[in-house]
Amino acid sequence: IVTLEWTHPLVRCQVQKISDKMSIYSGVPLELVGCSLRGQIMERIAMSYDSFNRAHVVQLPSGSETISGRKRGKNQQECDWLRLTDTTLVRVEAKSATITWDRAQKSWCLAFQNIKLEVVDCLLLVVYAPWGADIWEYDLGLAIGLSTTGKLTNVRGCRIRFLGPAQEADAHRAWTSKLRPRLESAASHIVTLPWTHPLVVEC
């Protein structure tokens, strides 16, 4: 039908829209770090805050086994850490998500993946945001935004997903108007740690 050069106004307009959406993390710490490593860093930040700012002892899990009876490695434990008091033991899992643009829905979204509810007592959601690490405690009883992954649920676990307003290209407005309110309906806000916070810098 037609060949549109990169300098064509229609092409430049669409490229600019995409660039604008990707630019929300420009210059933000960890922007060039891979998803897996960034997730581990977000987990460490949440665990450090849990350890230094609450009245309990935090301990890494050990000794759990796979279905085949093999001992799990350090990064393969069923939960991320344990909260210990004199009378209770709470299994804690931290999952992180980036504010990303969903092309199909044409909106900003948060998607927390690979959640195995049967092996955790407390689920922390960490939003990797341009302004820092936003930590929330998810209400497992309400289960808002939670969905399964069909036959793969036993292997991959569930996911929690929140969508911002459709057609809203500004990520900060999407966060303020819908993403944060959706999180507030599903979880309790614990803390927002800016990138300059000592715990964040240390991790």
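A quick note: this is a predicted structure, and the numbers were derived from the prediction, not measured.

1. A closer look at the pairing of strand β3 (residues 89–98)
As paired elements, strand β2 (residues 81–84) and β3 share 4 bridges and run antiparallel to each other. Its bridge partner lying in β3, leucine 84 is registered against leucine 89. Between β2 and β3, which pair antiparallel in sequence order, lie 4 residues. Pairing geometry for β3 and strand β6 (residues 122–129), over 7 bridges, is parallel. Across the sheet, valine 92 pairs through a bridge with cysteine 122, a residue of β6.

2. Let's talk about helix α4 (residues 171–186)
When the local axis directions of α4 are compared, the greatest deviation, roughly 35 degrees, occurs at leucine 179, which is followed within four positions by the proline proline 181. All of the buried residues in α4 are Ala171, Ala174, Trp175, Leu179, Leu183 and Ala186. For α4, the N-terminal capping position is held by aspartate 170, with its side-chain oxygen 3.0 Å away from the main-chain nitrogen of histidine 172.

3. Brief notes about unusual backbone geometry
Residue lysine 106 is not a glycine yet carries a positive backbone phi of 55 degrees. Position of lysine 106 relative to the elements: it lies in the loop between β4 (100–102) and β5 (107–115). Its identity is not glycine, yet glutamine 167 carries a phi of approximately 70 degrees, on the positive side. With respect to the element layout, glutamine 167 can be found in the loop between β9 (158–163) and α4. Look at glutamine 167 and you get exposed, because its relative accessible area is 60%.

4. Here's the deal with the environment of proline 181
Along the chain, proline 181 falls in helix α4. Through-space distance from the C-alpha of proline 181 to that of phenylalanine 162 is 10.0 Å; in sequence the pair is 19 residues apart. Those residues within four positions of proline 181 in sequence are excluded, and the remaining contacts are Trp175 and Thr176.

5. Some remarks on the nonpolar core
Within the largest apolar cluster, 45 residues are counted, with the highest numbers of intra-cluster contacts made by Met42, Ile99, Phe112 and Val127. Per-element accounting of this core gives the leading share, 8 residues, to β6. Apart from residues lying up to four places away in sequence, phenylalanine 112 is in contact with Lys95, Ser96, Ala97, Leu125, Val126, Val127, Cys158, Arg159, Ile160 and Phe162.

6. Digging into the pattern of salt bridges
Two side chains that carry opposite charge are able to pair once their charged atoms sit near each other. In this structure the tally under the stated criterion is 8 salt bridges. Here arginine 91 and aspartate 121 are joined by a salt bridge, their closest N and O atoms 3.0 Å apart. Taken together, the positions of arginine 91 in strand β3 and aspartate 121 in the loop between β5 and β6 put the pair 30 residues apart, joining distant regions of the chain. The partly exposed category is assigned to arginine 91, whose relative accessible area is 27%. Two residues, arginine 173 and aspartate 170, come together in a salt bridge whose shortest N-O distance is 3.8 Å.

7. Quick word on the environment of alanine 46
The topology assignment puts alanine 46 in helix α2 (residues 35–52). Residue alanine 46 is classed as buried on the basis of its relative accessible area of 2%. On a C-alpha basis, the gap between alanine 46 and valine 191 in space is 9.7 Å, while along the polypeptide they are 145 residues apart. Setting aside chain neighbours within four positions, we find alanine 46 in contact with Trp81, Ala94, Leu124, Val126 and Ile135.

Definitions and cut-offs
- Residues numbered from 1 in each chain as written.
- Predicted model: local features only at pLDDT ≥ 70, side-chain atom pairs only at ≥ 80, totals over all residues.
- Heavy atoms only, no water.
- Pairing = 2+ DSSP bridges.
- Helix = DSSP H or I, 4+ residues; strand = E, 2+ residues; numbered from the N terminus.
- Bend = angle between axes of the 7 residues up to and from the residue.
- Buried < 20%, exposed > 50% of the residue type's maximum accessible area, 1.4 Å probe, protein only.
- Polar contact = N/O pair within 3.5 Å; in protein donor to acceptor, adjacent residues only side chain to side chain.
- Contact = heavy atoms within 4.5 Å.
- Core = buried A, V, L, I, M, F, W, Y, C linked by side-chain atoms within 4.5 Å.
- Salt bridge = Lys/Arg side-chain N within 4 Å of Asp/Glu carboxyl O.

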